[in-house]
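An overview of the molecular structure
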Amino acid sequence: VLNKRDGTFDGYDEVLATTLAAQCAVALQRVRMTSAVIEGEKMRQALEMARIVQMSTLPVAMPDLPSYDACATFRPAELTGGDTYDLAVLDGQLLVVLGDATGHGIAPALSVTQMQAMLRMAFRLGADLDTAFLQVNNRLSETLADDRFITAFIGILDPSTDALRFHSGGQGPILLFRAADRRWEHFRPTSFPLGAMPLTTLKPPHAVKMLPGDVLAVISDGIYEYENVHGEPFGEARVRALIETSADRSMAEILDAMMASVAAFAAGAPQEDDMTAVLVKREPDARGSFPRTFDAIPALVQFTAQAFARLRVAPELLTTVDLAVEELFTNMVKYSAEGTANVVVELAPIPGGVELRLIDDNVERFDVTRPADVDIDAPLADRKPGGLGLHLIRRMADSVEYEYDNALRQSRITLRITGGRPASAQ
C-alpha cells in the first residue's frame, strides 16, 4: 500500500488504501473507546470509594439524649456531595453541625469532611464554641482555593439546662419552631462562611432555650431551592408548614415526610444540589388529667405506657412507675374524698430514668414523706394496717418530695426513679 513495487499508483490502489484505512480507523476507535471505558470505570470506582469514605464520617446512629429527639439526613446530588452533618454527644452535650461547601463532587466532599474532622477534634480537646469556630475557619482559609468556602451551622446543646448556643457561618435560614404558641423564630448568620477569610474575632453566638415541644430545623438550600418541572422552588413556607403539622411526630418521621414531599413536588425534575437536613426536638412533658375515681386506673396505666414510649424511658422502669402511680392515686381517691378536681399526672425523662409528679387540688395536707416506715420484720400480730404502699414507694424511688400550697390547697408529690437502686432500698 505504501510502496508499490512496479509502476505508479492507480485508482485501484486508492480504493484498496481507503478500504484498509477505514478498517484501521475502526480498530483505533475501538481501542480509544475501550480506554475511555476503562478510565471511566476507574473514575466511577474512585467516586464510589470517595462516597464510602464520606458516608463513613457521618454518625452511624442518631444520638440518644434524654428529653431530646435528634435526626438528620443527607442525599448527595452525585455519588459524592458538598454537604455534611454531625450529631454527637460529647461530654454530655449535643454537637449539632451542618456544612454546605460550594459545588458538589469530590473536591467539596473533601472540604466538608476536613471541616467535620477538625470540629470533632477541637471539641474533643476541650475547645469552646468560639475557639473551635475561629480555629477551623482560619485553617480552612489557608487550605481552600480562593473561590471555595463552606457555609456551616455549629451548635452545642446542653440538655441539663436546655440551652442551645450556635454560630452560623453564612448558613441560613436557621429556624426554631416554638410549640407553646406555634410561632417561628428566624436567626441570621453570626459570621462569614468558613474558609472565606481569616478571622480574629467573632460576634457572640446565638443563645436560645429549648422549651418542651420546640423543634430546631437546620436545612441546606438543596431542599429549599429544589425546583419542579415548572421552575418553582420548594421554598421555606412548605418546610415550615410540614414541621408545624407534624411537630408531635418523631424527627425521623418528619424527615421521611419532608423528603417524600420534595420528591412529590419535583414531579420528576432532577436533583441539582445536595439535600441535607438536621432536626432537633425537645420532647414535650407527658401530662394527663384523671377523674378522682377507681375507674380511671386503667386509663392511668395506659397513659404511663404511652408516655414511656414517647419519652423513650427505659421500659424496665414501667412496672415500678405503675406501682407508684396506682398506690398514690388510690390514696388520693380514698383519703381526699372532698377533692373535686381531677388528679394531674406528669412524666418527664431524666438521666437514667423518669420524674413522676402527681398534683391534687382542693385537698388537705398529707405529707407522704412523713409516715414512719413499716417494720416488715415484725410479727403479723404486732403490725398495724396501712402504710405498706408508701413504705414500698419510698424504697423503690430515688427520691420522694412533697409540697403543699396553702392558698391553693394543692398537694404536689414528686418522685424520681432511675435504673440505679437507691441506697434506702438495699
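A brief structural summary. (Residues numbered from 1 in each chain as written. Predicted model: local features only at pLDDT ≥ 70, side-chain atom pairs only at ≥ 80, totals over all residues. Heavy atoms only, no water.)

**Quick notes on the side chain of S411**
The criterion, for reference: Strands are runs of DSSP state E lasting at least 2 residues, helices are runs of H or I lasting at least 4, and numbering of each runs from the N terminus. Whether two residues are in contact is decided by their heavy atoms: any pair within 4.5 Å suffices.
Looking at where S411 falls in the secondary structure, it is placed in strand β15 (residues 410-418). Sequence-distant contacts of S411, that is, excluding residues within four places in its chain, are made with L358, I359, D360, V363, Y402, E403 and Y404.

**Here's the deal with the pairing of strand β10 (residues 275-282)**
Selection criterion: Remark: exposure states derive from per-residue accessible area (1.4 Å probe, protein chains only) relative to the maximum for the residue type, with buried under 20%, exposed over 50%, and partly exposed in between.
Burial within β10 is extensive, with eight of its eight residues counted as buried. Neither face of β10 is exposed, since M275, A277, L279 and K281 on one face and T276, V278, V280 and R282 on the opposite face are all buried.

**Section: the pattern of salt bridges**
As a reminder, the rule being used: Salt bridges are defined by distance alone: a side-chain nitrogen of Lys or Arg within 4 Å of a carboxyl oxygen of Asp or Glu.
Within the structure shown, the criterion is met by 20 salt bridges. A salt bridge links R292 to D360; the shortest N-O distance between them is 2.4 Å. Placement of the pair is R292 in the loop between β11 (286-290) and α7 (297-311) and D360 in strand β13 (residues 353-360), with a sequence separation of 68 residues. Its relative accessible area of 16% is what places R292 among the buried residues. The salt bridge involving R357 is made with E355; its shortest N-O contact spans 3.2 Å.

**Section: the environment of T131**
By the secondary structure assignment, T131 is in helix α3 (residues 129-143). On the accessibility criterion, T131 (35% relative accessible area) is partly exposed.

**Regarding the packing of aromatic side chains**
The criterion, for reference: When two rings of Phe, Tyr or Trp (its six-membered ring) have centres within 6.5 Å they constitute a pair, described as stacked for plane angles under 30 degrees, edge-to-face for angles over 60, and tilted for the intermediate range.
In total, this model carries five aromatic pairs according to the counting rule given. Judged by centre distance (5.5 Å) and plane angle (90°), the ring pair of F166 and F187 falls under edge-to-face. Taken together, the positions of F166 in strand β5 (residues 163-169) and F187 in strand β7 (residues 183-187) put the pair 21 residues apart, joining distant regions of the chain. You'll find F166 and F187 in the same group, each marked buried. Ring geometry for F290 and F303: centres 5.5 Å apart, planes at 65°, overall edge-to-face.

**Some details on the environment of A70**
Topologically, A70 is positioned in strand β1 (residues 68-75). Judged by its relative accessible area of 6%, A70 falls in the buried class. Between the C-alpha atom of A70 and that of L216, which follows or precedes it by 146 residues, the distance is 9.3 Å. Beyond its immediate sequence surroundings of up to four residues, A70 is in contact with M62, P63, L87, L94, L279 and V280.

**What to know about α3**
The test is simple: The length a helix should cover is 1.5 Å for every residue beyond the first. For this analysis, a polar contact is any N or O atom pair within 3.5 Å, provided that within protein one partner can donate a hydrogen and the other can accept it, and provided that sequence-adjacent residues contribute only side-chain to side-chain pairs.
Between its first and last C-alpha atoms α3 spans 21 Å; for 15 residues at 1.5 Å apiece the expected length is 21 Å, and the two agree. Within α3 the residues assigned to the buried category are L129, A132, F133, L134, V136, N137, N138 and L140. Structurally, α3 contributes buried residues whose contacts are with α2 (106-124), β4 (150-158) and β5. A side-chain oxygen of the first residue of α3 lies 3.4 Å from the backbone nitrogen of D130; this N-cap is D128.

**Thoughts on the sheet that holds strand β9 (residues 215-219)**
Convention followed: Strand pairing requires that DSSP identify at least two bridges connecting the strands. Geometry is summarised by axes, namely lines fitted to C-alpha atoms with helices restricted to the contacting stretch, and by angles between N-to-C directions that run from 0 to 180 degrees.
Taken in spatial order, the five strands make up an open sheet running β1-β10-β9-β6-β7, and their pairing is antiparallel. Edge positions in the sheet fall to β1 and β7, since each has one partner strand and no second. If you compare each strand with its neighbour and ignore which way they point, the axes differ by 15° on average. Of the strand pairs in this sheet, strand β6 (residues 174-178) and β7 are connected by five bridges, and their pairing is antiparallel. If you follow I174 over to β7, its bridge partner there is F187. The sheet strands contacting helix α5 (residues 236-246) are β6, β7, β9 and β10, and the helix crosses β7 at an angle near 135°. Against the sheet, helix α6 (residues 251-266) contacts β1, β9 and β10, and its axis sits at roughly 30° relative to β1.

**So, the nonpolar core**
Formally: The term nonpolar core refers to a set of buried residues drawn from Ala, Val, Leu, Ile, Met, Phe, Trp, Tyr and Cys, joined through side-chain atoms within 4.5 Å.
V321, L328, F329, V345, L347, L356 and L415 are the most contacted members of the largest nonpolar core, which totals 33 residues. Elements that contribute at least two residues to this core include exactly β11, α7, α8 (318-335), β12 (343-350), β13, α9 (388-396), β14 (399-405) and β15. Here the element with the most residues in this core is α8; it accounts for seven residues. Discounting residues that sit within four places of it in the chain, L328 has contacts with L358, V368, L390, I393, I413 and L415. Among the nonpolar cores identified, the runner-up in size contains 27 residues, and V239, A247, I254 and A277 belong to it.

Limitation: the analysis is restricted to geometry and does not speak to function.
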